[in-house]
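Now for the letters of each chain:
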Amino acid sequence: MTEQRRSLRVGIVCPYSFDVPGGVQNHVLGLARYLHQAGHQPSVLAPGELDPAGATLNVEDFSSAGAAMPVRYNGSVARVNFGPLSAARVGRWLRKGQFDLLHIHEPITPSISLLALWAAEQPVVTTFHTATPRSRSMQLAGGVLSAAIEKIDAGIAVSESARNVVVQHLGRDAVVIPNGIQFDAFAGHAAAATPERSSHPKLIFLGRLDEPRKGLDVLLAAGPLIMESHPHLEVIVAGQGHRPVPPWCRSLGMISEEQKIALLGASDVFVAPHLERESFGIVLLEAMSSGVPIVASELPSFLDLLGPAQAEGRLGELFVAGDHRDLARAVRQVLEQPNPLRTARAQQAARGYDWSSVGTAVLAVYRAALSAAPRNFAAKGAG
Amino acid sequence: MSLVIIVVLILGWRITWLATRVDRANARAERTWAALDAALVRRAQRALELVLLPGIDPATALLVSDAAAAALEPNLSRRDREQAESDLSHVLDAVVPTLSASTNKLDPERARASICRRLHNDAVATALSLRRRHTVRILRLAGRAAAPRTFEMADGPELGWLRER
């Protein structure tokens, strides 16, 4: 029973371009790093180019699927690939890699993910990141798409809400495994920063500035209401995209991972004002790991992380999504009645999402998928 | 005339394609069952190993070995097997928290069995939904093999154990 020790060649497909930062891209990089450390051989295929300076992935473990085309999609700007040229690149990568298993992220998007699923001959594990129903387009795309969905051997959903969409709209099932974080990187920085919390509290928002669904507008509407009782509040926003902000708000633009860690460690309240369809909320977890008190909108995926809305045991202050008055109330509550015990519990809960746990769970799904694979592939997973 | 030939060709291609999908779905349902069966057997074997732990009390040993032996009984009917595996889950739910060091070996096997069951039932659902199609039924594309069935049992933690480490 030494199956855990066998080294697997895992082909990982990410549909979104590495030229821009994003949750799925980060997840894929974290997964590849975990697999590498666990003695496996990951190879990532994604559009765009790997930034060698900031990347945690070996250059030889990365293949570019070419430049991606920006398309407005799912309320965000997605950069995607399609067409015969992309299909040919995917085919070459598959032949060259000789993978034991493919792990395809967000398979039902018009991208290299769907192309890889279509072309795959080896066992396929897929991860569903978004909780966006697409039943209408599913019906219209018809048999081709159903046949591709049937090729999935094991599904993973990043949250219960994402799983519900898989069950209801794809007619498939999925094991719920959350996204992973580097817990120690965030938690390590927090302790040093705590004594700073002062009469000039810092409020932080992380996320694209120009995407309405990230909810920055709600936060900016709430700002003046909060400042009535906290005139020295410092509001800091950081993320991609251009958007004018009022003078009392400091906009840092895009920041590096290190800057993000430092910023979270020095903040007094983290606000996640998202309006809809946030499938997981990795920044929320990173903030929880940093030991920052959380204020978040009542989205299903946030509730998954913070506990039920009514219960005393929830790990952050919740407010009605889109309601700036309620957001202001929640922030004032956190600033005026700090609850260090709750913040500590939130940090403890975030530890469970460290790659050491999440990666083990993903590997368990790989082994299960391989144990049910046709014989020529099953040899790797048997034992 | 040529139109008729084209229509026939397209129909033939579509039917072949559908038959391939039915075939693939049936094969996957069979393979996932074999994997689930193996995972359940391994779980029961690992449970039996608990009995060998130094210092285990005889009541616990008897409880676990009874449940594991019942699950390992050969030639159980499908329904009896489901019952026996559920009983083993319940016994393990009750016993495992009282033992500390031993659980590391058993928890991954329980998780594996639980994931395998999910994959199997998922594969069965796909196969059954293809079998329900008119074309598949009328042309008997599913062949003579019996329809696959989901395996229903109480299974313990799927991946919850990862969080509590």
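The structure displayed is predicted, hence computed values, not measured ones.

Rules of the game
Residues numbered from 1 in each chain as written. Chains lettered and ligands numbered in written order. Predicted model: local features only at pLDDT ≥ 70, side-chain atom pairs only at ≥ 80, totals over all residues. Heavy atoms only, no water. Helix = DSSP H or I, 4+ residues; strand = E, 2+ residues; numbered from the N terminus. Rg over C-alpha atoms; globule rule 2.2 N^0.38 Å. Buried < 20%, exposed > 50% of the residue type's maximum accessible area, 1.4 Å probe, protein only. Areas by Shrake-Rupley, 256 points an atom, 1.4 Å probe, with all protein chains shown as cover. Lys, Arg positive; Asp, Glu negative; His and termini not counted. Charge placed at Lys NZ, Arg CZ, Asp CG, Glu CD. Expected span 1.5 Å × (residues − 1). Bend = angle between axes of the 7 residues up to and from the residue. Contact = heavy atoms within 4.5 Å. Salt bridge = Lys/Arg side-chain N within 4 Å of Asp/Glu carboxyl O. Polar contact = N/O pair within 3.5 Å; in protein donor to acceptor, adjacent residues only side chain to side chain. Pairing = 2+ DSSP bridges. Axes fitted to C-alpha atoms, helices over the stretch in contact; angles between N-to-C directions. Core = buried A, V, L, I, M, F, W, Y, C linked by side-chain atoms within 4.5 Å. Parallel < 35°, antiparallel > 145°, perpendicular 65-115°, else oblique. Nonpolar A, V, L, I, M, F, W, Y, C, P; charged D, E, K, R; others polar. Phe/Tyr/Trp six-rings, centres within 6.5 Å; stacked < 30°, edge-to-face > 60°. Lys NZ or Arg CZ within 6 Å of the ring centre and 35° of its normal. 1 Å grid on protein atoms, 1.4 Å probe; cavity = no way out; pocket = protein on both sides within 12 Å on 5 of 7 lines; lining within 4 Å. Points joined across faces, edges and corners; volume = space filled by probe spheres on them.

Asks: I'd like a rundown of the overall build of chain B, residues and numbers included.
Replies: When helices and strands are counted, chain B shows six helices and zero strands. When the helices and strands of chain B are placed in sequence order, the string is α-α-α-α-α-α. For chain B, the C-alpha radius of gyration of 22 Å lies well beyond 15 Å, the compact-globule estimate for 165 residues. Each principal axis of the C-alpha distribution contributes one length, and for chain B these read about 85 × 35 × 20 Å. Across the 165 residues in chain B, those meeting the buried criterion constitute 42%. Within the structure as shown, chain B displays about 9,200 Å² of accessible surface, and the carbon and sulfur contribution to it stands at 59%. Looking at chain B, you have 25 positive and 19 negative side-chain charges, and the mean spots of the two groups are 12 Å apart.

Asks: Tell me about helix H8 (residues 216-229) of chain A, and name the residues and values.
Replies: All names here are of chain A. Over its 14 residues, H8 runs 21 Å from end to end, which matches the ideal 20 Å to within 8%, given 1.5 Å per residue. In the structure, H8 departs most strongly from a straight axis at Gly 223, where the bend amounts to approximately 35° and where the proline Pro 224 lies between one and four residues downstream. Along H8, the residues classified as buried are Leu 216, Val 218, Leu 219, Leu 220, Ala 222, Gly 223, Ile 226 and Met 227. Next to the buried residues of H8 lie strand E10 (202-206), strand E11 (234-238), strand E12 (249-251), strand E13 (269-272) and helix H12 (324-336).

Asks: Go over the interface of chain B and chain A with me, naming the residues and quoting the values.
Replies: Taken together, the contact between chain B and chain A spans 23 residues of the former and 37 residues of the latter. Close ionic contact of Glu 150 of chain A with Arg 21 of chain B constitutes a salt bridge, the shortest N to O distance being 2.7 Å. Where chain B packs against chain A, one counts eight residue pairs in polar contact (both at pLDDT 80 or more). For the side of chain B that touches chain A, the secondary structure elements donating two or more residues are helix H1 (2-50), helix H4 (103-131) and helix H6 (160-163) of chain B.

Asks: Outline the sheet that holds strand E15 (residues 317-319) of chain A, listing residues and values.
Replies: Residue and element names in this part refer to chain A. Pairing is parallel in the open sheet, where six strands are placed in the order E12-E11-E10-E13-E14-E15. Sheet topology places E12 and E15 at the edges, where each strand pairs with a single neighbour. Put simply, the sheet's adjacent strands are angled 20° from each other on average, direction ignored. Sitting on the sheet, helix H9 (residues 257-265) is in contact with E10, E11 and E13, with an inclination near 145° to E10.

Asks: Outline the nonpolar core, supporting the account with residue identities and numerical values.
Replies: Buried together is how nonpolar side chains tend to be arranged in soluble globular proteins. If you look at the biggest cluster of nonpolar residues, it comprises 59 residues, and the most contacted ones within it are Phe 270, Leu 284 and Met 288 of chain A. For this core, the leading source of residues is helix H10 (residues 282-290) of chain A, giving six residues. The residues touching Phe 270 of chain A, leaving out its near neighbours within four places in the chain, are Ile 204, Leu 206, Leu 264, Val 283, Leu 284, Ala 287, Val 292, Pro 293, Ile 294 and Val 295 of chain A. Of all hydrophobic cores here, the second largest spans 46 residues; its members include Ile 156, Ala 364 and Ala 368 of chain A together with Ala 113 of chain B.

Asks: Go over the environment of Leu 252 of chain A with me, naming the residues and quoting the values.
Replies: Residues and elements named next belong to chain A. Structurally, the position occupied by Leu 252 is in the loop between E12 and H9. Among the residues examined, Leu 252 registers a relative accessible area of 34% and is labelled partly exposed. The spatial distance from the C-alpha of Leu 252 to the C-alpha of Ala 344 is 28 Å, given a sequence separation of 92 residues. Residues in contact with Leu 252, not counting those within four places in the same chain, are Ile 236, Val 237, Ala 238 and Leu 263.

Asks: Describe the pairing of strand E14 (residues 294-297) of chain A, listing the residues and the values that go with them.
Replies: All names here are of chain A. Burial of the side chains of E14 extends over both faces: Ile 294 and Ala 296 are buried on one face and Val 295 and Ser 297 on the other. Across three bridges, the pairing between E13 and E14 is parallel. By the bridge assignment for E14, Phe 270 is matched with Ile 294. Sheet topology places E14 next to E15; three bridges connect them, and they run parallel. In the strand pairing of E15, Val 295 is matched with Glu 317.

Asks: Summarise the packing of helix H3 (residues 112-119) of chain A against helix H5 (residues 143-150) of chain A; cite the residues concerned and give the values.
Replies: Residues and elements named next belong to chain A. The N-to-C vectors of H3 and H5 enclose an angle of 70°; their axes lie 9 Å apart at closest approach. Classed by the angle they form, the pair H3 and H5 counts as roughly perpendicular. Along the contact surface, H3 presents Leu 114, Leu 117 and Trp 118, while H5 presents Val 144, Leu 145, Ala 147 and Ala 148. Looking at side-chain class alone, the contact of H3 with H5 contains seven nonpolar, no polar and no charged residues.

Asks: Please give an account of the packing of aromatic side chains that cites residues and values.
Replies: All told, the structure shown has five aromatic pairs over all chains when counted by the stated rule. Both rings, one in Phe 18 of chain A and one in Phe 62 of chain A, keep their centres 5.3 Å apart while their planes meet at 25°; by these two values the pair is stacked. Here Phe 18 of chain A, found in the loop between strand E1 (9-13) and helix H1 (23-37), pairs with Phe 62 of chain A, found in strand E3 (residues 62-64); they are 44 residues apart in sequence, far enough to count as distant. Here Phe 18 of chain A and Phe 62 of chain A have matching classes, each one buried. Here Trp 93 of chain A and Phe 99 of chain A contribute two aromatic rings whose centre-to-centre distance is 4.7 Å and whose plane-to-plane angle is 45°, an arrangement assigned as tilted. Taken as a pair, Trp 93 of chain A and Phe 99 of chain A share a single burial class, namely buried. The ring of Trp 17 of chain B is capped by Arg 21 of chain B, whose NZ or CZ atom sits 5.0 Å from the centre of that ring. Residue placement shows Arg 78 of chain B over the ring face of Trp 33 of chain B; its charged tip is 4.7 Å from the ring centre.

Asks: I'd like a rundown of empty space enclosed by the protein, residues and numbers included.
Replies: All names here are of chain A. One pass over the full model with this rule turns up one cavity of 30 Å³ or more. Approximately 40 Å³ is the volume found for the largest cavity. For the largest cavity, the full set of lining residues is His 27, His 103, Thr 127, Ile 156, Val 158, Ile 177, Pro 178, Asn 179 and Val 362. Residues belonging to the lining of the largest cavity are distributed by class as follows: five nonpolar, four polar and no charged.

Asks: Any details on the sheet that holds strand E8 (residues 154-157) of chain A? Residues and values, ideally.
Replies: The strands that make up a sheet pair up through hydrogen bonds in the backbone, lying either parallel or antiparallel. All names here are of chain A. Across the sheet, seven strands lie side by side as E3-E2-E1-E6-E7-E8-E9; this open sheet has parallel pairing. Single-partner strands in this sheet number two, and they are E3 and strand E9 (175-176). Two strands pair when backbone bridges link them, and strand E7 (residues 124-128) and E8 are joined in this way by four bridges, in the parallel orientation. Paired with Phe 128 across the bridge in E8 is Ala 157.

Asks: Which residues make up unusual backbone geometry, and what are the values?
Replies: A positive phi is found at Gln 98 of chain A, a non-glycine position, where the angle reads about 50°. Within the fold, Gln 98 of chain A resides in the loop between helix H2 (84-97) and strand E6 (101-105). For Gln 98 of chain A, a relative accessible area of 54% translates into the label exposed. The phi dihedral of Arg 140 of chain B falls on the positive side, at around 50°, and the residue is not glycine.

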